[in-house]
Amino acid sequence: GKAAGAGLPSASGVAAEAGEVLPALAEAKRAHRERGTFELVVRLIELELGLVAEPARRAELAYEKGRILDDELLRQKEAEVALREALELAPDHPGASDVLAQIELVSGNWEAISAHYASQADAAEEAQLKTSLHLAAGELVAKHGDSKAAEEQFKKALEADPQNRKAAAHLARMLRERQDWQ
């Protein structure tokens, strides 16, 4: 019979294969980040996490995943999990602890903060300021689960600046998740 483990790649073979795949993953992440397809960036990070053993690199990947989940996909609970994973791997990771501290600070007051942003946006005369405030209000309420209010803020941001890619991307993603094509 065959020896145990026969046909399985050796550790050095797996490392060599990962060395070939990692540059391709990095390039794919860059391309999808530029296109704004952040769901795919997160999936690519997860693939890379499956290939990398070094704790410092795993921590950096978990941090990157957390930032994208929080900043781009507005999935704060998942972001917190990834950021805590980064801190488990690298307890002194400054970025992860800073982002978690910011999330915790805002979480206790998000309703008041988002209402303030929205009222300031409504009062703003300048289109760029109006857009950025509506966008900030929408992102904040989306992170805390109020998708209807978030959609309304993203629509207002787009009324002020129809070319705002971030507001358009957030709104499109929310409508896609809800499967609302109207």
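Below you will find a few notes about this structure. (Residues numbered from 1 in each chain as written. Predicted model: local features only at pLDDT ≥ 70, side-chain atom pairs only at ≥ 80, totals over all residues. Heavy atoms only, no water.)

What follows covers the nonpolar core. Residues W110, A142, A150, F154, A167, L171 and M174 are the most contacted members of the largest nonpolar core, which totals 15 residues. Mapped by element, the contributors of at least two residues to this core are α7 (127-143), α8 (147-160) and α9 (165-178). With near-sequence residues (within four places) excluded, M174 lies in contact with A142, S147, A150, E151 and F154. Counting 11 residues, the second-largest nonpolar core is a separate cluster that includes F38, V42, L49 and V52. (Core = buried A, V, L, I, M, F, W, Y, C linked by side-chain atoms within 4.5 Å. Buried < 20%, exposed > 50% of the residue type's maximum accessible area, 1.4 Å probe, protein only. Helix = DSSP H or I, 4+ residues; strand = E, 2+ residues; numbered from the N terminus. Contact = heavy atoms within 4.5 Å.)

We now examine the layout of surface pockets. What the largest pocket holds in volume is close to 300 Å³. What lines the largest pocket is a set of 13 residues, and nearest its centre among them are D70, Q102, V106, L140 and K143. Counting residues per element, the ones that place at least two in the lining of the largest pocket are α3 (55-72), α5 (94-107), α6 (110-123) and α7. Of the pockets and cavities examined, the second largest pocket occupies roughly 200 Å³. Lining the second largest pocket, in full, are L73, L74, R75, A142, G145, S147, E151, H170, R173, M174, E177 and R178. Put simply, the parts of the chain that give the lining of the second largest pocket at least two residues each are α8 and α9. Of all the elements, α9 adds the most residues to the lining of the second largest pocket, at 5 residues. In terms of residue class, the lining of the second largest pocket is made up of 4 nonpolar, 3 polar and 5 charged. (1 Å grid on protein atoms, 1.4 Å probe; cavity = no way out; pocket = protein on both sides within 12 Å on 5 of 7 lines; lining within 4 Å. Points joined across faces, edges and corners; volume = space filled by probe spheres on them. Nonpolar A, V, L, I, M, F, W, Y, C, P; charged D, E, K, R; others polar.)

What follows covers the pattern of salt bridges. On inspection of all chains with the given rule, the structure shows 18 salt bridges. Of the charged contacts in the structure, one is a salt bridge between R33 and E64, with a shortest N-O distance of 2.7 Å. Note that R33 is positioned in helix α1 (residues 11-35) and E64 in helix α3, a separation of 31 residues in sequence. We note a salt bridge from K166 to E72, for which the minimum N-O separation is 3.9 Å. Of this pair, K166 sits in helix α9 while E72 sits in helix α3, and the two are 94 residues apart along the sequence. Connected through shared salt-bridge partners, K29, R33, E48, R57 and E64 make up one network. (Salt bridge = Lys/Arg side-chain N within 4 Å of Asp/Glu carboxyl O.)

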